[in-house]
Amino acid sequence: MIIPKPLILFIDAYDSFSSNIISLLETTLACTVRTIRIDNRSLSTDALLHAELRHYAAVVCGPGPGHPTDEKDVGIMRRIWRLCDEETIPVLGVCLGFQSLCLEFGGRIRRLRNPMHGIVRNVRHIGETGHGKDTIFDGLAGIRTTLYHSLCVDIGQDDKPTRTWEDSRYDISPTAPNLVPLAWVEAEEGWPDDERILVAVKHRSKPFWGLQYHPESICTDVGSQKVVRNWFRHAQWWNWTQRGYSIIRRGEIKGDIATRQSLLSQTAGKQDDGIMSHGLHRRYECGTIELPADFSLADFLEKQTKFNTQNIVLESTNSHVKIGAPDVKGRYSIVGVNIDDCARMEYTVGNNFLLAFDGTTDVEQINLAPYGGIWQFLSHYVEKRAIANGNSEIPFWGGFMGYTTYELGLETINVDSGGRSSSRPDLCFAWVTQSIVVDHLKNLMHIQTLEDETCTQSKSQTQVLLQEVSRILNLLHLRQKSDYIPLRFTDVTINRPNPDEYEKKVQDCQAYIRSGDSYELCLTDQTVVKVPKMETLNAVGTVPGDLPLSWSLYRSLRQRQAAPFASYLRLGSATFISASPERFITWDDTTGKCSLRPMKGTVKKSSSVATLEQANTHLHIPKEEAENLMIVDLVRHDLHSVLGSGNVHVPRLMVVEEYASVFQMISVVEGHYPPTVPFKGNTNLEAYSEEARQTRYTGMDVLAASLPPGSMTGAPKKRSCEILRVLEGGRDRSLYSGVVGYMDVGGRGDFSVNIRCMFRWDDEDNDKNEVWHIGAGGAVTALSTPVGEREEMITKLSSTLGVFDH
Ligand SMILES: C=C(O[C@@H]1C=C(C(=O)O)C=C[C@H]1O)C(=O)O
Ligand SMILES: NC(=O)CC[C@H](N)C(=O)O
């Protein structure tokens, strides 16, 4: 007989670390976790709550934004502490959950003198004394733990004089007679204030425990897992000896499975008609040409590409520069060819339909309801066109290329970006069937096409394209080389953020952080540049002939800022130019691996910070490390919520890298999922049974669950985005803070975070001007200074704005 694992109910207060705690529980304990949100209505009466809890061995009340005295922030948690004796169940409160427990039993909640977010500190606990036996700290040496809190529990610790503190710290306080203090954090050298922070308690008689620190953080000692194991042992012991009833092992429960349902499982059995069934391009062809040593992709594109139409260029402009990390030292550039003829999908937040342009003049409006949403539709579309027999040397064989905006991400986390006046697309992907991929390492150009299997034309598209490319390469070879001189403008209008107002907003962010509503906020602002249209342009530099102004701007930007994720996009009504150093996500379904690369911690190159060593000294300080750590933990959560417990790792933590004008600190977070296996003797990947599709995750699931990029939001993501929307005046960030990249027919994807970039919309031009937007910002924490943040924003802005403003 298989004995089912005990169930733990996790009460989720909309935090960005919840899934990390669930992973910690499921990997250290033999248990299964179900979750419920603090405001879940299905447990609205006591009878419903009791009936639900009867299935569980224990409850974990999680962390979250806000204040434990606020009903909205803790919801169901409070009802758990108040259960009558017969219904009582063992509980572990973490952070907000801990504060809620202490508040219920006599602790007072006050603000910390210095909020502690992403700060790693030593914990002194009762296990180190002779009284630790039979507590959750039994058998533990000192531990280092991560703190994420602005509020703390006051049980009168500050009233104790220093001379008695050492001996009395674990005594029960008369103000909270039911709480047994188990652990404390004290100030470390270098910290401004010596504060006694209570970080663990147990209820004197009820089976309730709490931890103020975050046992699941990547920077908390693994040794602290023992605390969780001890807790569950105590909890189970209590269940066996004191629980008023036997735990029910069968029947329906309201708690949700801790991972999201896969996108593909939701499209099972869908009728495929219209654009979904058109153009099943599956015949793959590839031709390769050796490139001359002095090959310039930009020069080539000026001859090869029809501009002023749709274009997609994802370029690695740092492949020949000495600096840059090997894993993003862009080896490949990818160009979509004849985008005008491609199918294109556009979706705007709030709509329940998608517009599909089929490459002619026809537009199909697709109802998304039967699919369940935009991402379900897109993953189904790719699945139907998946192939397994492309050239294995090439990362992209054909497929979707395009962008999503920041607001698309907001929609996925239920943050309202209401009150928008335009219906510009928030997601736009072209289905690219002809592509050029340049391998900068081997100096090769691959020409690829995906054609209809039914196509009978004698000369393949690949051959046509190969001939054209060879002709242009010859032409370029014969041509006299001349250096590209970036345009210098004489009459642009630049509307920059007001630095004083920006500083004020940094202070506002810090007020939200002090009140416990956020741990970190990535504040940004926008600069608007009006540039005369090409016809009236007054500029000096290489006159770009009949090429659009946007292309000249791109050339100028790429020359100034070598970057692994440069891009030039003209897609629908948007134009986008970027020199992004930040990869968001890359994945490969055939190996079942995805990797995210959050960047946090920025220092401008200067005479005092000129080398990597100096940058390391500058960035490895608590403020910068805390910023980075918080986003690493947030990204781990995003991944765990799709890929499940134990499937997320951090192979690189806080490594400083050099870029054109700044040094950046990055971390790498990896996720693992079952690889997609091609069927034997079949070049297609799609022949999965319906049953297998239920549990088939792809990189697109991870992408959809991780937007907007955590490095652009702060933590916890939802509350922080709500706050930022207000502080940023309800203005759309649009393409800035969104992502650009591809998802291909071979099951691979690669997206960069849209920073160090600029964009414009066709409908914003007037007769004379083009209107360009440039976003810039940085993460604000309790340790930030308003003037420091202002300088950081200006540094980042200038790296892009320099294109107009030499
Ligand atoms: C917000 C920007 O950058 C983000 C913020 C960073 C930081 O706070 O250090 C670093 C890289 C980006 O994730 C920007 O470039 O505008
Ligand atoms: N991480 C948390 O749960 C934080 C709890 C609370 N909002 C605080 O800031 O103290």
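Coordinates for the structure precede this section.
Because the structure is a prediction, the values reported are computed rather than measured.

Novice: Residues and numbers for the overall build of the protein chain, please.
Specialist: Looking only at helices and strands, the protein chain has 19 helices and 36 strands in total. Taking 2.2 N^0.38 as the reference for a compact globule, 806 residues should give roughly 28 Å; the C-alpha atoms of the protein chain span a radius of gyration of 28 Å, in line with that estimate. Dimensions of the protein chain along its principal axes, counting C-alpha atoms only, are 90 × 65 × 45 Å. Considering the protein chain as a whole, with its 806 residues, one finds that 60% of them fall into the buried category. Across the protein chain, the fraction of contacts at a sequence separation of at least 24, relative to all contacts at a separation of at least 6, is 76%. As presented, the protein chain carries roughly 31100 Å² of accessible surface, and 49% of it is formed by carbon and sulfur atoms. Averaged over its 85 positive side-chain charges, the protein chain has a centre that lies 2 Å from the centre of its 100 negative ones.

Novice: Outline the site of ligand 1, listing residues and values.
Specialist: As a structural note, the neighbourhood of ligand 1 is formed by 19 residues, with Glu582, Lys600, Thr602, Tyr736 and Arg756 the closest of them. Within the contact set of ligand 1, an oxygen atom lies 2.6 Å away from a side-chain nitrogen or oxygen of tyrosine 736. Taking alanine 779, its main chain carries an N or O atom lying 3.0 Å from an oxygen atom of ligand 1.

Novice: I'd love a proper account of the pairing of strand β8 (residues 197–203), names of residues and values included.
Specialist: With six of seven residues buried, β8 is to be regarded as a mostly interior element. Both strand β7 (residues 179–185) and β8 contribute to a ladder of six bridges, which runs antiparallel. Paired with proline 181 across the two strands is valine 201, which belongs to β8. Inspection of the sheet shows β8 paired to strand β9 (residues 208–211) by three bridges, in the antiparallel sense.

Novice: Please give an account of the site of ligand 2 that cites residues and values.
Specialist: Contacts to ligand 2 come from 14 residues, most closely from Gly64, Gly66, Cys95, Tyr148 and Leu151. At a separation of 2.9 Å, an oxygen atom of ligand 2 approaches a polar backbone atom of leucine 96. The contact in question runs from an oxygen atom of ligand 2 to an N or O atom on the backbone of leucine 151, over 2.9 Å. Every element with two or more residues in the shell around ligand 2 is listed here: α5 (96–104) and β6 (143–154). With four residues, the top contributor of residues to the shell around ligand 2 is β6.

Novice: So, the sheet that holds strand β3 (residues 58–61): which residues are in play, and what are the values?
Specialist: Taken in spatial order, the ten strands line up as β6-β5-β7-β8-β9-β4-β3-β1-β2-β10 in an open sheet, and their pairing is mixed. This sheet does not close on itself; its edge strands, each paired only once, are β6 and β10 (256–257).

Novice: Give a description of the state of the cysteines that names residues and reports values.
Specialist: Inspection of every chain in the model, using the stated rule, returns zero disulfides. Looking at the unpaired cysteine 509, the closest cysteine sulfur is the one in cysteine 522, lying at 9.2 Å. Residue classification places cysteine 509 among the buried positions, given a relative accessible area of 0%. Of the residues examined, cysteine 522 reaches a relative accessible area of 2% and is grouped as buried.

Rules used throughout
- Residues numbered from 1 in each chain as written.
- Chains lettered and ligands numbered in written order.
- Predicted model: local features only at pLDDT ≥ 70, side-chain atom pairs only at ≥ 80, totals over all residues.
- Heavy atoms only, no water.
- Helix = DSSP H or I, 4+ residues; strand = E, 2+ residues; numbered from the N terminus.
- Rg over C-alpha atoms; globule rule 2.2 N^0.38 Å.
- Buried < 20%, exposed > 50% of the residue type's maximum accessible area, 1.4 Å probe, protein only.
- Contact = heavy atoms within 4.5 Å.
- Areas by Shrake-Rupley, 256 points an atom, 1.4 Å probe, with all protein chains shown as cover.
- Lys, Arg positive; Asp, Glu negative; His and termini not counted.
- Charge placed at Lys NZ, Arg CZ, Asp CG, Glu CD.
- Near = heavy atom within 4 Å.
- Polar contact = N/O pair within 3.5 Å; in protein donor to acceptor, adjacent residues only side chain to side chain.
- Pairing = 2+ DSSP bridges.
- Disulfide = S-S within 2.5 Å.

This is a description of form; function is not addressed.
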